Amino acid sequence: MSNSKVRVRFAPSPTGGLHLGGVRTVLFNYLFAKKHGGDFVLRIEDTDQNRYVDGAEKYILDCLKWCGLTPDESPEVGGHYAPYRQSERKAIYREYAERLVAQGHAYYAFDTTEELEQKRKEIPNFQYGQVYRDGLNNSLALTTGEVEHLLDKGVPHVIRIKMPTDESVHFNDMIRGHVSFETNLVDDKVLLKADGMPTYHLAVVVDDYLMKITHAFRGEEWLPSAPIHLLLWRYLGWEANMPEWAHLPLILKPDGHGKLSKRDGARLGFPVYAMNWLDPKTQELTPGFRELGFLPEAFLNLLAMLGWNDGTDKEIFTLDELIDSFSIERVSKAGAKFDFEKAKWYNAEWIKKLQATSLEPQVKHELEIRGVEVTDDAYLVKVIEAVKDRCVLLADFRQQAGYFFEIPAEYDLPSVQPKWTDAKTDFFNELILKLSSAEVWEPVQLEVIFKYLVEEKGLKIGDVMLPFRIMLVGGKFGPHVFDIAALLGKEETVERIGVALEVFTA
Ligand code: GLU
């Protein structure tokens, strides 16, 4: 394989929203491809019509766009190996299934659903495989004449792989090392269904071959399928072209007990999907990282660190840095516990790291969907600069930046009223006059005016500083109060003092 161009694929089934583990699989594929100057292919594995969910493919494409993990080939942009949707490749697969039957590695099975259900009732842990296949309705058990007759009559049938007896199949996983399986323990999986659609097992092998995939990275849950795929590569005569495999470790619940599921997210109050997913059948909304206010840079960064590190303590990586440092061998075999607090830490670090100008469109959107109108983008950039270090999620900008665009709707009165005095009223009335005639409107000058007046009035700075902040902001938060006043401008600051004074003294 070493001479061929690296080609990897992400091959999701469009059955619902995209779990963060799915995005991590995309990311590792993407990093590996880009690191080796290769291609990243998106293939939609939609051969199971029963599990197909409307809108799921678009959702997956949108997730990839949001994350900036752009496929080189996909159903959307096409490519040399199109089509990239397996349902549109239906006609391709039968030939390979028939070839396996002709070679004796697969067989026709005519059993009806009812017959199989009956078997499952009669036999605990029934598996369609070497123990029972001879007593069932298939081309291994029937005579050639009977089989021909059934085929001629057009009796619905599937094609199943014939798992060999007493063999062990093995391969070298890029993360796990040597892995082996006993064929006796694997059942005869269906390869081609009665409707002529391939199952995942056949389609994944045929398409990885036809699309010249060199490396296949997928979730650990697919490891039990590896022996079937290995045998198909061998039986179809393509073993020399088989991709190298890596089965990525699971993302675990915060307590480490089992795979992190959608339900854990709901139970523990954090998202598990990349973006909001609205199930078209049930109308159930599963929240996503994007809508909660995660930056795509932070989301990718935190996913990369779930099960991988570069061998140092470095935790913050740009996508380019990840491409540079990534190696699949450094992905751990053990599952990675998901820690939502740590996830938020990544986001806060990324909000700090990014320039206010690059955050601006996203913050503007956040403010607007939360009812804050932004008309001056340059002003917003300055506001972001002033408050971004206080925000963990993009949604936090509503509280941390909203008051720069609208006079406080509410004040933290319990923090000011009990200690209010006439001297304070006098101070703020005087402050209005002093500020109104200020010639320079910069934080340092404003602070000088303020402190000078405090002294003149014989007050203590601590008496009036907090009320001043609450007048401008509404609450006890925000950056340096003179920075806030400087940004708000003279007219607005003076107005806010006046309005608040009336409320405080009412
Ligand atoms: N279609 C499979 C899925 O939905 C892909 C597994 C693979 O990458 O081989 O996850």
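Whatever comes next refers back to the structure up there.
A quick note: this is a predicted structure, and the numbers were derived from the prediction, not measured.

1. As for the site of the ligand
Stage number 1. Residues in contact with the ligand, as listed here, are Arg 9, Ala 11, Pro 12, Ser 13, Glu 45, Tyr 200, Val 204, Arg 218 and Trp 222.
Stage number 2. A distance of 3.2 Å is found between an oxygen atom of the ligand and a side-chain nitrogen or oxygen belonging to Arg 218.
Stage number 3. Computed on the free molecule, the ligand has an accessible area of 300 Å², of which 84% lies beneath the protein chains in the complex.

2. Regarding the pattern of salt bridges
Stage number 1. Enumeration according to the criterion identifies 34 salt bridges in this entry.
Stage number 2. Lys 34 is the salt-bridge partner of Asp 72, the closest N and O atoms lying 2.9 Å from each other. With Asp 72 in the loop between α2 (56–67) and α3 (90–103) and Lys 34 in helix α1 (residues 20–35), this residue pair connects regions lying 38 residues apart in the sequence.
Stage number 3. On the accessibility criterion, Asp 72 (34% relative accessible area) is partly exposed.
Stage number 4. The partner of Glu 88 in a salt bridge is Arg 85, and the shortest N-O contact between them spans 2.5 Å.
Stage number 5. Given the relative accessible area of 45%, Glu 88 is considered partly exposed.
Stage number 6. Salt bridges here are not isolated pairs; linked through shared partners, they connect Lys 5, Arg 7, Asp 39 and Glu 73.

3. Let's talk about the nonpolar core
Stage number 1. With 119 residues, the main nonpolar core has Leu 20, Ile 328, Phe 338, Phe 397, Phe 404, Phe 428 and Phe 468 as its most contacted residues.
Stage number 2. Of the residues forming this core, the biggest block, 9 residues, is contributed by α1.
Stage number 3. Beyond its immediate stretch of four places on either side in the chain, Ile 328 contacts Phe 32, Met 174, Ile 175, Phe 217, Ala 246 and Leu 248.
Stage number 4. Membership of the second largest hydrophobic core comes to 39 residues, among which are Ala 97, Tyr 108, Val 179 and Phe 181.

4. A few points about the sheet that holds strand β4 (residues 158–161)
Stage number 1. Strand order across the open sheet formed by 3 strands is β3-β4-β7, with antiparallel pairing between neighbours. On the outer flanks of this sheet lie β3 (106–109) and β7 (190–192), each paired with one strand and no other. Along the sheet, successive strands turn relative to each other by an average axial angle of 45°, direction set aside.
Stage number 2. As paired strands, β4 and β7 are joined by 2 bridges and run antiparallel to one another. Counted as the bridge partner of Arg 160 is Val 190 from β7.
Stage number 3. Contacting β3, β4 and β7, α3 runs over the sheet at an angle of about 105° to β3.

5. Here we look at α2
Stage number 1. With 12 residues, α2 should cover 16 Å at 1.5 Å per step; its first-to-last C-alpha distance of 17 Å lies within 8% of that length.
Stage number 2. Burial analysis of α2 places 9 of its 12 residues in the buried class, which makes it a mostly covered element.
Stage number 3. Along α2, the residues classified as buried are Ala 56, Glu 57, Tyr 59, Ile 60, Leu 61, Cys 63, Leu 64, Trp 66 and Cys 67.
Stage number 4. Residues of α2 that are buried make contact with β1 (7–10), α1, β2 (39–42), β11 (277–278), α9 (289–292) and α10 (296–304).
Stage number 5. Directly beyond the C-terminal end of α2, a positive phi value near 75° is found at Gly 68.

What counts as what
- Residues numbered from 1 in each chain as written.
- Predicted model: local features only at pLDDT ≥ 70, side-chain atom pairs only at ≥ 80, totals over all residues.
- Heavy atoms only, no water.
- Near = heavy atom within 4 Å.
- Polar contact = N/O pair within 3.5 Å; in protein donor to acceptor, adjacent residues only side chain to side chain.
- Areas by Shrake-Rupley, 256 points an atom, 1.4 Å probe, with all protein chains shown as cover.
- Salt bridge = Lys/Arg side-chain N within 4 Å of Asp/Glu carboxyl O.
- Helix = DSSP H or I, 4+ residues; strand = E, 2+ residues; numbered from the N terminus.
- Buried < 20%, exposed > 50% of the residue type's maximum accessible area, 1.4 Å probe, protein only.
- Core = buried A, V, L, I, M, F, W, Y, C linked by side-chain atoms within 4.5 Å.
- Contact = heavy atoms within 4.5 Å.
- Pairing = 2+ DSSP bridges.
- Axes fitted to C-alpha atoms, helices over the stretch in contact; angles between N-to-C directions.
- Expected span 1.5 Å × (residues − 1).

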